[in-house]
Amino acid sequence: MPFSVFVLAFGAFSLITTEFGIIGILPQLAEAFDVSISAAGWLLGGFALTIAITGPWMTLAFSRFDRKLSLSLVLAIFAGSNLLSLFCESFGWLLFFRILPAFFHPVFWSFAMAAASSTVAEEDSGKAVSVIFAGLSAGTVLGVPMVSFVSVSHGWQAGFILFAGLNSVALIALLLFVPSFAATRRLTFRTQIWVLKKLKLWWSLAVLFLIMASTFCIYSYFAEYLAVAGGMEGSMIGLMLFIFGAAGFLGTLAAGRFVDKHLNRLVTGFVLILCLTFALIYGLAHVTPAVVVLIIIWGTVHSTGFLLGQQLVNGSASEAPEFANSLFISLGNAGLTVGTFIGGVTIAETGARTLPLASIVLLALTATVYLAKPRDTQGGTDR
């Protein structure tokens, strides 16, 4: 695997730590800025909603620029916004500096995944993309729990310093080790938009949307759920985040070995295993040893959702891979936003303990849509 792919994966790690690292400190931020936990959830949901709305169009706007320059600009904006967040005295300003880099987030992911795929043979594209997603999983392995640990010890500002530091290191590595590269083929705006006529693409996007909604309905409030349902506190929650992320990292790498040939089986297993896991964690949240085992299973399966969604969408619009990747990011974050919103409503109406049940309902809907695949998605492989 080319070294540049691993550099891009580290860039993905720094971005995902910024996006999802907030999960581990939502209760702390809610207290610091005197807002409810559901309102604080918009630090994640608002970020994702911005990506959902602007993703494809930002990617198209940057499609004529050198990829290395675009990727460098994104990392620089992330680092600067995280540093400015340190000086926020109101929740409104904090939300503003959280949302600002979200406009540019899709550009990095679209170009990084397309670049990873283009550096290897077509039959190995899933493996190359899985390296980028391993960077995503590593963000949950190391980034999210690290943010939780440093923030518990040194305040929420320490988390944002960590965000900015990782973005800066990724920027330096990209400048030093990734060559300048342009698109392998220039696609017109009309050519890329044309893929939106495909029923197969819309089905894939619907499945992706529901995968993200069902998983983030509970994961967005991971710390809150373990505190309320499991009676855990800061350092223990940080340890659970680390266990969850480590399992996700290994799960993503394992799925990357099979996703090109066994996509259908992996999606089916994803839904069934998560449904069972959420049902068990709902009943056993107060039994710590059981929760640890269930979090390992949950983390292993959860992170594969990103890879499965990307393969579904990219396989449905292979004529315009960067635009397809931007749609993946957009609809994935739309699902994340809706899932976070549903989770917040669930907490407000019935309490955090019922979050697993809300996710099970969304997973059932995911399975229904997946089984209703349009005829042109049937094929001669297990995809």
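Preceding block: the structure.
Just so we're clear, the structure is a prediction, and the values are computed from it rather than from any experiment.

### Details of the nonpolar core
Across soluble globular proteins, nonpolar side chains have a tendency to be buried as a group.
Okay, step 1: Counting 121 residues, the largest nonpolar core has Phe222 and Trp298 as its most contacted members.
Okay, step 2: It is helix H11 (residues 199–219) that provides the largest number of residues to this core, a total of 10 residues.
Okay, step 3: Those residues in contact with Phe222, other than ones at most four positions away along the chain, are Ile23, Ile237, Met240, Leu241, Phe244, Ile295 and Trp298.

### Topic: helix H15 (residues 288–302)
Okay, step 1: With 15 residues, H15 extends 20 Å from end C-alpha to end C-alpha; this agrees with the ideal 21 Å at 1.5 Å per step.
Okay, step 2: For H15, the complete set of buried residues consists of Ala290, Val291, Leu294, Ile295, Trp298, Gly299, Val301 and His302. Across the axial projection of H15, the buried residues extend over an arc of 160°, all falling on one side.
Okay, step 3: Looking at the buried residues of H15, the elements they touch are H11, helix H12 (222–229), helix H13 (234–256), helix H14 (263–284) and helix H16 (304–316).

### Points about empty space enclosed by the protein
Okay, step 1: Applying the stated criterion across every chain, the model contains one cavity of 30 Å³ or more.
Okay, step 2: When its volume is computed, the largest cavity comes out at roughly 150 Å³.
Okay, step 3: Looking at the lining of the largest cavity, the elements that each hand over two or more residues are helix H1 (3–20), helix H7 (105–118), helix H8 (125–154) and helix H17 (321–350).
Okay, step 4: For the lining of the largest cavity, the element with the most residues is H17, which contributes five residues.
Okay, step 5: Within the lining of the largest cavity, the residues separate by chemical class into 10 nonpolar, three polar and one charged.

### Description of a nonpolar patch on the surface
Okay, step 1: A contiguous nonpolar patch, built from Met1, Phe3, Phe6, Ile172, Leu176 and Phe177 and spanning about 660 Å² of accessible area, is present on the exposed surface.
Okay, step 2: Of all the elements, helix H9 (residues 156–177) adds the most residues to the nonpolar patch, at three residues.
Okay, step 3: Tracing the backbone shows Met1 in the segment before H1.
Okay, step 4: Overall, Met1 belongs to the partly exposed group, its relative accessible area being 47%.

### Looking at the packing of H11 against H16
Packed helix pairs are specified by the crossing angle of their axes together with the interaxial distance, meaning the distance between the axes.
Okay, step 1: Running from N to C, H11 and H16 cross one another at 170°; their axes reach a closest spacing of 8 Å. Taken together, the axes of H11 and H16 lie roughly antiparallel to each other. For the pair H11 and H16, contact is made by Lys200, Leu201, Trp203, Ser204, Leu205, Val207, Leu208, Ile211, Met212 and Phe216 and by Gly305, Phe306, Gly309, Leu312, Val313, Gly315 and Ser316, respectively.
Okay, step 2: Considering only residue class, the contact of H11 with H16 consists of 11 nonpolar, five polar and one charged.

Definitions and limits used
Residues numbered from 1 in each chain as written. Predicted model: local features only at pLDDT ≥ 70, side-chain atom pairs only at ≥ 80, totals over all residues. Heavy atoms only, no water. Core = buried A, V, L, I, M, F, W, Y, C linked by side-chain atoms within 4.5 Å. Buried < 20%, exposed > 50% of the residue type's maximum accessible area, 1.4 Å probe, protein only. Helix = DSSP H or I, 4+ residues; strand = E, 2+ residues; numbered from the N terminus. Contact = heavy atoms within 4.5 Å. Expected span 1.5 Å × (residues − 1). Arc of directions from axis to C-beta. 1 Å grid on protein atoms, 1.4 Å probe; cavity = no way out; pocket = protein on both sides within 12 Å on 5 of 7 lines; lining within 4 Å. Points joined across faces, edges and corners; volume = space filled by probe spheres on them. Nonpolar A, V, L, I, M, F, W, Y, C, P; charged D, E, K, R; others polar. Patch = residues over 30% accessible without salt bridge, like charges linked within 9 Å, V, L, I, M, F, W, Y side chains within 5 Å. Areas by Shrake-Rupley, 256 points an atom, 1.4 Å probe, with all protein chains shown as cover. Salt bridge = Lys/Arg side-chain N within 4 Å of Asp/Glu carboxyl O. Axes fitted to C-alpha atoms, helices over the stretch in contact; angles between N-to-C directions. Parallel < 35°, antiparallel > 145°, perpendicular 65-115°, else oblique.

None of this, on its own, says anything about what the molecule does.
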